[in-house]
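# Close look at the chain arrangement
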Amino acid sequence: MDLSIIIPMFNEAENAEHTLTRVGEALVSFNGDYEIITVNDGSTDDTLSVLEKIAILNKKIKVISYPMNIGRGMALRKGFQESKGEIVVSIDADLSYDPQYIIDLVETLKKEPQIDFVLGSPYMPGGGVQNVPLLRLWISKLGNKILRFALPNRIHTSTGIFRAYRRKVLDSLELESDGKEIHIEILSKALALGFRVKEVPAILTGRKRGSSKFKFKKTATSHLLFSVFEKPMMIFGVLGILALGVGLLIGLYVAYLWFLGKLTPGRPLITFAILLILGGIQILSFGFIALQILTLRKEILRIQKENLELKDQIMTIGKGKG
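First, a word on scope: everything that follows refers to the structure included in this document. (Residues numbered from 1 in each chain as written. Predicted model: local features only at pLDDT ≥ 70, side-chain atom pairs only at ≥ 80, totals over all residues. Heavy atoms only, no water.)

Looking at helix H1 (residues 16–26), one finds that the buried residues are Ala16, Thr19, Leu20, Val23 and Ala26. For H1, the arc enclosing every buried residue in end-on projection is 125°, short of the 170-degree limit, so these residues lie on one face. Against the buried residues of H1 lie strand E1 (3–9), strand E2 (34–41), helix H2 (47–57), strand E3 (61–66) and helix H4 (101–111). (Buried < 20%, exposed > 50% of the residue type's maximum accessible area, 1.4 Å probe, protein only. Helix = DSSP H or I, 4+ residues; strand = E, 2+ residues; numbered from the N terminus. Arc of directions from axis to C-beta. Contact = heavy atoms within 4.5 Å.)

Written out as structure tokens, the structure reads:
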């Protein structure tokens, strides 16, 4: 199988048929075998029945379903597990990105063998946004700017679903996220393993059918936690230096009062300065410990990758002997 398209769906009965038709039309020019894997993430509307009816008529469409809504991360993980393509593309069910871009992402991987996965990016030069609600757009842009400082490659769009992966990337990752944070989990782990990424410009458009699944609180929390995890000194360093600096300034002021003979014994300002200095040192220490943990995590990821590769080699040898 040359190409797999993964489409997570939750309550997308209004979009399902239109989406699959558009994706099929976009792939007419694709020269190779492909499959379209739709993952019904516990929909409570008629999404599953619509998908099953379409799959009966089109053998390239495969339907995966489970009864409880868990999240986009679980849907993508299920799709990745069932996919057989050498290149795997994930795309939204509401076609926030035009399916014609699928060919662009695939062609980028074919033309540039040194690139391991490609991101469709509305926030990079050449990309754009159309008809997206202002609040959601502002939150998305702000979150991606924060993540840009956290990630080593200065990626413009870290949270989008529209991506194309070589099979070896997905086979090397042990993914755990159930929600939308899976996008930044994949980025974090893939970059830690040395895989190379490229962004290509794309236009992000607002949803035309159905209701949005965007949740501000959950999205903002996951982005902030990821940023702290990837660059712990963004928080620990700033807070530690701030506390240490204020403590030293107060200490200098106390020393100045002592030099003038105006310092009152037992003044709480002395204790406050000492606490700030000690607290700042301790916070900075937490930051350095977090950096060591991050380094250890990267080593664990590399070992996991080597174990997965070894497992694949053993299975291949076993099949050969069989």
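The structure having been displayed, the exposition proceeds.
Attention now goes to the packing of aromatic side chains. What describes a pair of aromatic rings is the distance from one ring centre to the other and the angle between the planes of the rings. Evaluation of the coordinates by the stated rule reveals 6 aromatic pairs. A ring pair is formed by Phe80 and Tyr165, whose centres lie 5.9 Å apart and whose planes are at 80°; its orientation type is edge-to-face. Placement of Phe80 in helix H3 (residues 72–82) and of Tyr165 in strand E7 (residues 163–166) is noted, with a sequence separation of 85 residues between them. With respect to burial, Phe80 and Tyr165 carry one shared label: buried. A ring pair is formed by Phe236 and Phe286, whose centres lie 6.4 Å apart and whose planes are at 65°; its orientation type is edge-to-face. (Phe/Tyr/Trp six-rings, centres within 6.5 Å; stacked < 30°, edge-to-face > 60°.)

Let us look at the pairing of E7. Alternating residues of E7 divide into Arg163 and Tyr165 and Ala164 and Arg166, and every residue in both groups is buried. Two elements, strand E4 (residues 87–90) and E7, share 4 bridges in a ladder whose sense is antiparallel. By the bridge assignment for E7, Val89 is matched with Ala164. As paired strands, strand E5 (residues 117–121) and E7 are joined by 3 bridges and run antiparallel to one another. Among the inter-strand pairings, Phe117 is bridged to a residue of E7, identified as Tyr165. (Pairing = 2+ DSSP bridges.)

In the structure shown here, the tally under the stated rule is 9 salt bridges. Linking Arg72 and Asp92 is a salt bridge whose minimum nitrogen-to-oxygen distance equals 3.2 Å. With Arg72 in helix H3 and Asp92 in the loop between E4 and H4, this pair connects stretches of sequence that are 20 residues apart. Across the salt bridge formed by Asp116 and Lys168, the nearest N and O atoms sit 3.2 Å from each other. Here the residue Asp116 occupies a position in the loop between H4 and E5, and Lys168 occupies one in helix H6 (residues 167–171), the gap between them amounting to 52 residues. Assessed through its relative accessible area of 42%, Lys168 is described here as partly exposed. Each of Asp116, Lys168 and Arg196 takes part in a single network of salt bridges with overlapping partners. (Salt bridge = Lys/Arg side-chain N within 4 Å of Asp/Glu carboxyl O.)

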